[in-house]
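What the coordinates show
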Amino acid sequence: MTRIAVVVFPGSNCEYDAAAAVEQLGASAELVFHSATSLGDVDGVILPGGFAHGDYLRPGALARFSPVMAAVTDFAARGGAVLGICNGFQVLTEAGLLPGALQKNRGLTFLCQPTTLVVVSTRSVLTRAASVGAELVVPINHFSGAYTCDDATYDSLVAHDQIVLRYRDNPNGSRDDIAGVSNVAGNVVGLMPHPERAMSTLLGSADGRVLLESFVGLGVAAR
Amino acid sequence: MNYSVIVEVTLRPGIADPEGATIERALPALGFTGVRAVRAGKLFRFDVEAASSDEALANAQALAERLLSNPVIEDATARLEGEVQ
């Protein structure tokens, strides 16, 4: 069985949703507190949404120095699958595991709404079971979600196929409509939308499933 | 010695600043005309214990770059205010 660690920072608030989502897909989930120095024997790690360390200073700025982040960085360097959702994406950019940064939304509005995402690359651990061009309805829930990077970083993202997901209708001012990016290898992915909140049509959308199925289907060939 | 330090963190040139833009748009309604190029930032004030003012400033600049700012989008500048008792 695929084992997923879900990191819990003080102020995380989506850890149970993330755990429930991966368990629904047949994986096991273990909550790992931010003070842990080891992730244990796991196949993947999720940094969930929320307000780690209160988002004081900047979202993710303090969380990146939590003890567990050394283990996450080692895990990522060994090719382990790492997924940052919303606040988790912000933590990964602050930690330097993903390029760019997330700024306050255009218009300074907190956004909590469904968005339509377009799959740009299926090279990442989050999208390998999806199809390029597929549209997925997944909700966002953030104040600082405008993806920002300099021109050199942007050119590198494009050259290495690191743009994973785009918004069809840019809600927050993200550069080039970017909703999610990966590292060069594709094993570390961050996105602002919440796939763990799109697991059931009864609750609005089940389009997050294909993303998390990709993530927990570690080592499984694309469908 | 203890030195009083101020660190200013500002968005790098060219990085969009929705906060500054919103402030700038609000000003004419309040009668403040002719204000341009508003950029919002953060200011930190703290004391540093160090053997010299140079050391205090170097420490402050280092911590400003490591923690107080995100070098991807922000610049940080530390300056000494003076000695404190």
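Our structure's up above, just so we're on the same page.
Residues numbered from 1 in each chain as written. Chains lettered and ligands numbered in written order. Predicted model: local features only at pLDDT ≥ 70, side-chain atom pairs only at ≥ 80, totals over all residues. Heavy atoms only, no water.

1. Some remarks on the overall build of chain B
- Regarding its fold elements, chain B presents 2 helices and 3 strands.
- Its helices and strands in sequence order give chain B the pattern β-α-β-α-β, from N to C terminus.
- Its C-alpha atoms give chain B a radius of gyration of 16 Å, clearly above 12 Å, the size a compact globule of 85 residues would have.
- Once the C-alpha set of chain B is aligned to its principal axes, its extents read approximately 50 × 30 × 15 Å.
- Here chain B holds 85 residues, and 32% of them are scored as buried.
- Looking at chain B alone, contacts between residues at least 24 apart form 74% of all its contacts between residues at least 6 apart.
- By element, 54% of the accessible surface of chain B is carried by carbon and sulfur atoms, the whole surface being about 5300 Å².
- Positive and negative charge centroids in chain B, built from 8 and 13 side chains respectively, lie 11 Å apart. (Helix = DSSP H or I, 4+ residues; strand = E, 2+ residues; numbered from the N terminus. Rg over C-alpha atoms; globule rule 2.2 N^0.38 Å. Buried < 20%, exposed > 50% of the residue type's maximum accessible area, 1.4 Å probe, protein only. Contact = heavy atoms within 4.5 Å. Areas by Shrake-Rupley, 256 points an atom, 1.4 Å probe, with all protein chains shown as cover. Lys, Arg positive; Asp, Glu negative; His and termini not counted. Charge placed at Lys NZ, Arg CZ, Asp CG, Glu CD.)

2. Some remarks on the interface of chain B and chain A
- Opposite the 17 residues of chain B that make contact, chain A presents 16 residues.
- When chain B packs against chain A, close to 1300 Å² is buried across both sides, 59% of that on carbon and sulfur atoms.
- Among the residues of chain B in contact with chain A, Pro18, Arg66 and Leu67 of chain B are the three that bury the most area, contributing 34% of the side total.
- The tally of links between chain B and chain A comes to 2 salt bridges.
- Measuring nitrogen to oxygen at the nearest pair gives 3.1 Å for the salt bridge that ties Glu19 of chain B to Lys104 of chain A.
- In this structure, the connection of chain B to chain A is made through 7 residue pairs in polar contact (both at pLDDT 80 or more).
- Going through the elements one at a time, helix 1 (18-26), strand 2 (41-49) and helix 2 (53-68) of chain B are the ones with two or more residues in the side of chain B that touches chain A. (Buried area = accessible area lost by both parts, 1.4 Å probe. Salt bridge = Lys/Arg side-chain N within 4 Å of Asp/Glu carboxyl O. Polar contact = N/O pair within 3.5 Å; in protein donor to acceptor, adjacent residues only side chain to side chain.)

3. A short note on the pairing of strand 3 (residues 44-47) of chain A
Residue and element names in this part refer to chain A.
- Residue alternation in strand 3 divides its side chains into two sets, Gly44 and Ile46 and Val45 and Leu47, and both sets are buried.
- Both strand 1 (residues 3-8) and strand 3 contribute to a ladder of 3 bridges, which runs parallel. Each residue of the ladder has a partner; that of Ala5, found in strand 3, is Val45.
- Summarising the sheet, strand 3 and strand 4 (residues 81-85) pair through 4 bridges and their orientation is parallel. Note that in strand 4 the partner of Val45 across the bridge is Val82.
- For the handedness criterion, the β-α-β arrangement of strand 3, helix 2 (residues 68-77) and strand 4 is classed as right-handed. (Pairing = 2+ DSSP bridges. Right-handed = clockwise from strand over helix to strand, strands pointing away.)

4. Points about the side chain of Thr116 of chain A
- Residue placement: Thr116 of chain A occurs in strand 6 (residues 111-119).
- Setting aside residues no more than four positions away along its own chain, Thr116 of chain A makes contact with Glu135, Leu136, Val137, Arg166, Tyr167, Arg168 and Asp169 of chain A.

5. Section: the packing of aromatic side chains
Residue and element names in this part refer to chain A.
- Tallied over the full model, the rule gives 1 aromatic pair over all chains.
- Their ring planes at 10° and their centres at 6.2 Å tell us that Phe89 and Tyr147 sit as a pair that is stacked. Linking Phe89 in helix 3 (residues 87-94) with Tyr147 in strand 8 (residues 146-148), this pair joins segments that are 58 residues apart in sequence. (Phe/Tyr/Trp six-rings, centres within 6.5 Å; stacked < 30°, edge-to-face > 60°.)

6. Focus on the sheet that holds strand 2 of chain B
Residue and element names in this part refer to chain B.
- Across the sheet, which stays open at both edges, the 3 strands sit in the order 2-1-3 with antiparallel pairing between neighbours. Looking at the sheet topology across the chains shown, the edges are occupied by strand 2 and strand 3 (74-84). Between one strand axis and the next, the sheet turns by 20° as a mean value, whatever way the strands run.
- Pairing analysis gives 9 bridges linking strand 1 (residues 2-11) to strand 2, with the strands arranged antiparallel. Looking across to strand 2, one finds that Val9 is bridged to Lys42.
- Relative to the sheet, helix 2 contacts strand 1, strand 2 and strand 3, its axis offset from that of strand 3 by approximately 150°. (Axes fitted to C-alpha atoms, helices over the stretch in contact; angles between N-to-C directions.)

7. A look at the nonpolar core
- Counting 69 residues, the largest nonpolar core has Leu39 and Val72 of chain A as the members making the most contacts within it.
- Tallying contributions element by element places helix 2 of chain A first for this core, with 6 residues.
- Setting aside chain neighbours within four positions, we find Leu39 of chain A in contact with Ala5, Val7, Val32, Val45, Val68, Ala71, Val72 and Phe75 of chain A.
- If you look at the next biggest cluster of nonpolar residues, it comprises 13 residues, including Tyr3, Val7, Val9 and Ala56 of chain B. (Core = buried A, V, L, I, M, F, W, Y, C linked by side-chain atoms within 4.5 Å.)

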